[in-house]
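The residues making up each chain are set out below.
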Number of protein chains: 2
Amino acid sequence: MELSRRRLLQGIAGAGAAGAGLALAGCAPSAAAAPTDVVDFHGPHQAGIATAVQDRLAFMTFDVTSTSRADVVELLKSWTTAAEAMTRGAAVPGAPPDDQVPPADTGEAAGLPAARLTVTVGFGPSLFTGPDGSDRFGLAARRPAAFVPLPALPGELLDPARSGGDIAVQACSDDPQVAFHAVRNLARIGRGTVVARWAELGFGKTSSTQGSADGDPGGTPRNLMGFKDGTRNIVGTDDAALDQHVWVADADGQGWLGGGSYLVARRIRMFVEPWDRDRLGDQEAVFGRFKDSGAPLTGKAEFDAPDYAATGADGPVIPANAHIRLASPENNGGLRILRRGYSYTDGIDATTGTLDAGLFFLAYMRDPNQFVTLQRKLGTSDALNEYIRHVGSGLFAVPPGTSGPDDWWGRALFS
Amino acid sequence: MELSRRRLLQGIAGAGAAGAGLALAGCAPSAAAAPTDVVDFHGPHQAGIATAVQDRLAFMTFDVTSTSRADVVELLKSWTTAAEAMTRGAAVPGAPPDDQVPPADTGEAAGLPAARLTVTVGFGPSLFTGPDGSDRFGLAARRPAAFVPLPALPGELLDPARSGGDIAVQACSDDPQVAFHAVRNLARIGRGTVVARWAELGFGKTSSTQGSADGDPGGTPRNLMGFKDGTRNIVGTDDAALDQHVWVADADGQGWLGGGSYLVARRIRMFVEPWDRDRLGDQEAVFGRFKDSGAPLTGKAEFDAPDYAATGADGPVIPANAHIRLASPENNGGLRILRRGYSYTDGIDATTGTLDAGLFFLAYMRDPNQFVTLQRKLGTSDALNEYIRHVGSGLFAVPPGTSGPDDWWGRALFS
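The rules behind each value
- Residues numbered from 1 in each chain as written.
- Chains lettered and ligands numbered in written order.
- Predicted model: local features only at pLDDT ≥ 70, side-chain atom pairs only at ≥ 80, totals over all residues.
- Heavy atoms only, no water.
- Helix = DSSP H or I, 4+ residues; strand = E, 2+ residues; numbered from the N terminus.
- Buried < 20%, exposed > 50% of the residue type's maximum accessible area, 1.4 Å probe, protein only.
- Contact = heavy atoms within 4.5 Å.
- Areas by Shrake-Rupley, 256 points an atom, 1.4 Å probe, with all protein chains shown as cover.
- Phe/Tyr/Trp six-rings, centres within 6.5 Å; stacked < 30°, edge-to-face > 60°.
- UniProt positions renumbered as here; feature names shortened; annotations may be inferred.
- Core = buried A, V, L, I, M, F, W, Y, C linked by side-chain atoms within 4.5 Å.
- Axes fitted to C-alpha atoms, helices over the stretch in contact; angles between N-to-C directions.
- Parallel < 35°, antiparallel > 145°, perpendicular 65-115°, else oblique.
- Left-handed = near helix turned anticlockwise from the far one by under 90°.
- Nonpolar A, V, L, I, M, F, W, Y, C, P; charged D, E, K, R; others polar.
- Pairing = 2+ DSSP bridges.
- Expected span 1.5 Å × (residues − 1).
- Salt bridge = Lys/Arg side-chain N within 4 Å of Asp/Glu carboxyl O.
- Polar contact = N/O pair within 3.5 Å; in protein donor to acceptor, adjacent residues only side chain to side chain.

If you tally the helices and strands in chain A, you get 12 helices and 12 strands. For chain A, the proportion of its 415 residues judged to be buried stands at 61%. Considering only contacts within chain A whose residues lie at least 6 apart along the sequence, 78% involve residues at least 24 apart. Carbon and sulfur atoms make up 54% of the accessible area of chain A, which totals about 14300 Å².

Residues and elements named next belong to chain A. What the rule picks out here adds up to 30 aromatic pairs over all chains. A ring pair is formed by Trp275 and Phe287, whose centres lie 5.8 Å apart and whose planes are at 90°; its orientation type is edge-to-face. Here Trp275 is found in helix H8 (residues 272-277), whereas its partner Phe287 is found in helix H9 (residues 280-287), with 12 residues between them in sequence. The same class applies to Trp275 as to Phe287, namely buried.

Before going further, it helps to spend a moment on the UniProt feature "domain: Dyp-type peroxidase N-terminal" (unreviewed entry) in chain A. UniProt records the feature "domain: Dyp-type peroxidase N-terminal" (unreviewed entry) at residues 46-203 of chain A, using the numbering of this structure. Taken end to end, residues 46-203 of chain A is 24% helix and 20% strand, and its first and last C-alpha atoms sit 22 Å apart.

The next thing to look at is the nonpolar core. Judged by nonpolar contacts, the single largest core of 154 residues is most densely connected at Met60(A), Trp79(A), Phe123(A), Met60(B), Trp79(B) and Phe123(B). Filtering out sequence-adjacent residues up to four positions away, Met60(A) remains in contact with Ile167(A), Ala168(A), Val169(A), Val183(A), Ala187(A), Ala196(A), Trp198(A), Ala199(A), Ile348(B) and Leu355(B).

To characterise two packed helices, one gives the angle between the axes of the helices and the distance between these axes. All names here are of chain B. The N-to-C vectors of helix H3 (residues 69-87) and helix H5 (residues 176-190) enclose an angle of 155°; their axes lie 10 Å apart at closest approach. Classified by the interaxial angle, the pair formed by H3 and H5 is roughly antiparallel. In the packing of H3 onto H5, the handedness of the crossing is right-handed. Facing Leu75, Ser78, Trp79, Ala82 and Met86 of H3, the residues of H5 in contact are His181, Ala182, Asn185, Leu186, Ile189 and Gly190. Among the residues making up the contact of H3 with H5, the classes are represented as 7 nonpolar, 4 polar and no charged.

So, on to the pairing of strand S10 (residues 342-349) of chain A. On a regular strand, each side chain points to the face opposite its neighbour's, so the side chains alternate between the two faces of the sheet. Residue and element names in this part refer to chain A. Most of S10 sits inside the fold, with 7 of its 8 residues counted as buried. Taken together, the 2 bridges between strand S5 (residues 204-205) and S10 define a ladder with antiparallel strand orientation. Counted as the bridge partner of Lys205 is Tyr342 from S10. The loop that links S10 with its antiparallel partner strand S11 (residues 354-365) comprises 4 residues; one of these, Gly353, has a positive phi angle of about 70°.

Here the focus is helix H11 (residues 369-381) of chain B. All names here are of chain B. For H11, built from 13 residues, the straight-helix expectation of 18 Å at 1.5 Å per residue is met to within 8% by its first-to-last C-alpha distance of 18 Å. Regarding H11, the residues found buried are Gln370, Phe371, Val372, Leu374, Gln375, Leu378 and Gly379. Next to the buried residues of H11 lie helix H7 (239-245), strand S6 (261-270), helix H10 (323-327), strand S11 (354-365) and strand S12 (388-398).

The subject of this paragraph is the pattern of salt bridges. All names here are of chain B. Counted according to the given criterion, the structure contains 43 salt bridges over all chains. The closest approach of N and O atoms between Glu108 and Arg184, which form a salt bridge, is 3.1 Å. In this pair, Glu108 sits in the loop between H3 and strand S2 (118-123) while Arg184 sits in helix H5, placing the two residues 76 residues apart along the sequence. Accessibility classification places Glu108 together with Arg184 in one group, the buried group. Glu200 is the partner of Arg267 in a salt bridge, and the nearest nitrogen-oxygen pair spans 2.8 Å. On the criterion of sequence distance, the pair formed by Arg267 in strand S6 and Glu200 in strand S4 (residues 194-202) is long-range, its members being 67 residues apart. The class for Arg267 is buried, based on a relative accessible area of 5%. Residue Glu200 is classed as buried on the basis of its relative accessible area of 3%.

Residues and elements named next belong to chain A. Phi angles above zero are rare outside glycine, and Ala115 is one such case at about 55°. Residue position: Ala115 is located in the loop between helix H3 (69-87) and strand S2 (118-123). Residue classification places Ala115 among the buried positions, given a relative accessible area of 5%.

In this section: H3(A). Residues and elements named next belong to chain A. Its 19 residues place the ends of H3 27 Å apart at the C-alpha level, agreeing with the 27 Å of an ideal helix rising 1.5 Å per residue. Among all positions of H3, only Val72, Val73, Leu75, Leu76, Trp79, Thr80, Ala82, Ala83, Glu84, Ala85, Met86 and Thr87 are buried. N-cap assignment for H3: the residue whose side-chain oxygen lies 3.2 Å from the backbone N of Ala70 is Ser68. Gly89 occupies a position one or two residues after H3 and carries a positive phi of about 90°.

Right, let's talk about the side chain of Thr87(B) for a bit. All names here are of chain B. Summarising the element assignment, Thr87 is placed in helix H3. For Thr87, a relative accessible area of 2% corresponds to the buried category. The contact partners of Thr87, leaving out residues within four places of it in the chain, are Val38, Val39, Phe41, Ala114, Leu117 and Val119.

Our next topic: the environment of Val286(A). All names here are of chain A. Take Val286: it is sitting in helix H9. Given the relative accessible area of 5%, Val286 is considered buried. Put simply, Val286 and Ala383 are 97 residues apart on the chain and 5.3 Å apart in space, counted from C-alpha to C-alpha. When residues no more than four places from it in sequence are discounted, the contact partners of Val286 are Trp275, Asn321, Ala322, His323, Asp382, Ala383, Leu384 and Tyr387.

Right, let's get into the side chain of Asp105(A). Its place among the elements puts Asp105(A) in the loop between H3 and S2. Polar side-chain contacts of Asp105(A) include one of 2.7 Å to the backbone nitrogen of Gly107(A). The residues touching Asp105(A), leaving out its near neighbours within four places in the chain, are Ala91(A), Val92(A), His181(A), Asn185(A), Arg188(A) and Lys291(B).

Residues and elements named next belong to chain B. In terms of burial, S6 is a largely internal element, 10 of the 10 residues being buried. The alternating pattern of S6 places Ser261, Leu263, Ala265, Arg267 and Arg269 and Tyr262, Val264, Arg266, Ile268 and Met270 on opposite faces, both of which are buried. Where S6 lies against S12, 10 bridges are found, and the strand directions are antiparallel. By the bridge assignment for S12, Arg266 is matched with Ser393.

Attention shifts here to the environment of Arg376(A). All names here are of chain A. For Arg376, the location among the structural elements is in helix H11 (residues 369-381). For the pair Arg376 and Ala152, spaced 224 residues apart in sequence, the C-alpha separation works out to 9.5 Å. Among residues more than four places away in sequence, those in contact with Arg376 are Pro151, Leu153 and Pro154.

All names here are of chain A. The residue Gly43 is located in the loop between helix H2 (20-27) and strand S1 (56-64) in this model. Judged by its relative accessible area of 22%, Gly43 falls in the partly exposed class. Between the alpha carbons of Gly43 and Gly401 there is a distance of 5.2 Å; along the sequence they are 358 residues apart. Once residues within four sequence positions are removed from consideration, Gly43 is found in contact with Gly401 and Thr402.

What follows is the structure in structure tokens.
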């Protein structure tokens with residue numbers, strides 16, 4: 001029996017308190033989600049990659065504790081069913097409400113709209129090959145050659161407790177409670193098969209995938225350094241760019257990943273205190289852009305193309321070590337990745353009294369080497385390195401989307 | 001020179017990149033905040049107490065590191081000026097943009113609306129009397145008799161790293177980036193005088209202060225146990241109830257606190273995993289309410305008055321140890337507090353793989369003993385204790401509001 005979040009309320013109310021529906025009808029108009037609040041779940045690619053970036057994020061990785069391949073398959077089937085329902089704004093499907101059993105849905109999103117929820121799943125290298133080299137679930141032969149743990153990279157000092165995981169879940173929504181509810185319910189469904197490893201909430205998106213043409217209503221969002229981020233990001237409707245840079249083609253070696261992607265997650269701590277003491281001109285030189293407008297230092301408007309050849313009295317107008325120069329497709333043989341990062345904070349670093357905050361970087365690409373190439377360059381030379389450090393990391397192979405109600409995440413991998 | 005967030009953009013754009021205003025005008029319509037987005041800063045009481053509860057919270061406490069009373073006064077003046085501007089959706093005031101100096105505002109809220117931001121400040125007992133009993137800033141004689149650190153209470157296991165503080169700042173807004181921006185900028189302004197002690201983000205409100213009459217548009221929000229919370233909370237427009245239970249009267253002993261209040265902050269960890277495994281009927285018995293409708297077990301609709309005398313075949317319909325019974329004014333001599341709590345999560349508890357999540361409880365009252373009385377009862381007898389623990393705590397005296405541009409937080413205390 002499936003219940004919408006709204007009908008869940010009325011359904012239980014009917015069983016226990018006949019008049020409750022009346023009070024609810026007067027109090028929860030936001031529960032009537034507009035059609036535009038729902039992102040399609042099924043499709044050739046998982047939602048939550050090219051989807052216009054939602055405002056908030058809940059991210060969680062899991063380690064598989066079961067040794068049974070059948071358990072993993074069952075988990076992925078159950079997760080797919082639950083995620084599809086939650087994406088529509090419905091409750092996690094289950095038996096009709098019964099006060100003798102635990103509810104099938106934890107309930108904190110009851111009455112809330114779908115809020116453009118997407119749930120996106122990826123598999124870590126450790127799902128294919130255990131730390132002892134074992135073929136844990138008979139998947140070792142299905143591991144793409146390119147899919148190996150990220151090498152040690154410059155600019156990082158990784159916390160193992162905030163890195164890795166056998167499976168990753170990215171839930172994005174315009175309502176943080178809806179995003180949290182999604183990962184929490186998958187964690188609940190997974191108990192006995194998986195255990196949560198680490199999690200991060202992102203309170204503000206730092207990338208748009210809408211570009212200048214179709215226009216994110218809020219404009220390009222700003223990161224915690226106060227700069228617009230993702231101005232030149234891949235636009236989610238640019239199919240040619242997505243095919244070239246983001247979606248894995250069948251030809252990449254393993255058919256099950258065709259239409260999928262690779263996700264690199266990096267927890268990037270920003271040293272906001274010294275940054276805040278830096279003068280505006282230096283901040284702008286670090287990025288290579290004006291802080292207010294987001295225009296490149298060689299331009300006037302945000303979406304002006306940077307002119308990396310332009311020189312002034314002191315040398316290049318966009319400095320040699322400016323972030324946008326080093327990261328640019330022009331200076332990396334056309335290399336691009338799709339970013340959908342979020343600002344995070346985890347309170348105060350008690351040892352220093354400084355903010356534990358920064359960028360939770362999420363990027364999708366057709367080959368993990370795209371990120372490795374960029375970070376080798378950025379981690380070595382980027383002027384931004386004085387103010388950031390990569391402190392958490394994960395790499396995940398993201399299977400393609402599901403085709404309909406009988407399909408499930410990773411079916412082709414496990415078939 | 002003061003700049004609105006919108007004009008900040010255009011102002012700097014005019015200095016550095018003449019065409020940027022055009023691109024911004026097309027991309028950031030949300031920056032044009034509607035008048036209803038702004039909560040009045042000045043008034044007899046600080047905003048953020050009786051104000052209709054905003055969706056998101058950023059909370060931070062600070063310890064004063066300076067030994068100078070003049071530094072504390074200067075800090076409070078600067079904070080008041082900055083908070084008033086941010087509340088209007090303006091940038092932190094400062095000198096005109098100059099690339100030779102750090103910006104006066106960190107910038108991540110540029111282009112965002114005011115989003116009903118309120119910033120509320122309170123003083124801890126430790127500001128009046130140091131741990132060694134010293135009169136740190138000549139305030140010891142101004143400390144109200146009722147304002148002593150909370151005693152040890154049942155149901156708590158407090159982490160000192162998430163408790164206390166000389167000064168607390170509560171920023172609430174419908175946009176979490178606006179709330180975070182506010183506390184971050186106060187922390188920045190305070191450097192050299194204060195150091196941040198602990199912080200918490202609240203991602204979803206769990207209390208309404210709007211009651212059934214004027215109706216919160218989203219209905220009564222739900223906590224992470226999936227239950228509606230705050231159904232019988234004090235309504236923010238009920239002046240009689242606020243006077244009786246929330247605002248400190250001059251007669252309470254110290255005139256400087258008249259029109260102010262006391263804030264009790266408690267980080268309440270929920271053990272969501274065992275809760276999620278509990279059957280629906282037991283969950284409802286724990287609270288004394290139906291989960292879906294929020295109606296008391298003796299009623300049909302959320303706002304029906306609970307009937308604590310009603311009995312069924314098994315005894316009281318609302319059990320003797322039900323949360324709402326033990327916390328109710330009817331069973332505590334009419335005692336009430338104003339709650340404006342938020343759900344929080346801080347990721348995964350690595351030792352157990354469980355969610356570190358729960359309720360960040362904020363409550364305002366005219367005497368700290370209101371909370372002590374309730375928690376002595378709840379911490380001992382509440383059926384909810386099986387599923388929660390108080391793990392962080394703070395008590396703060398919240399001065400009254402400011403009367404206008406020349407006033408500042410705590411002026412009467414320091415005069």
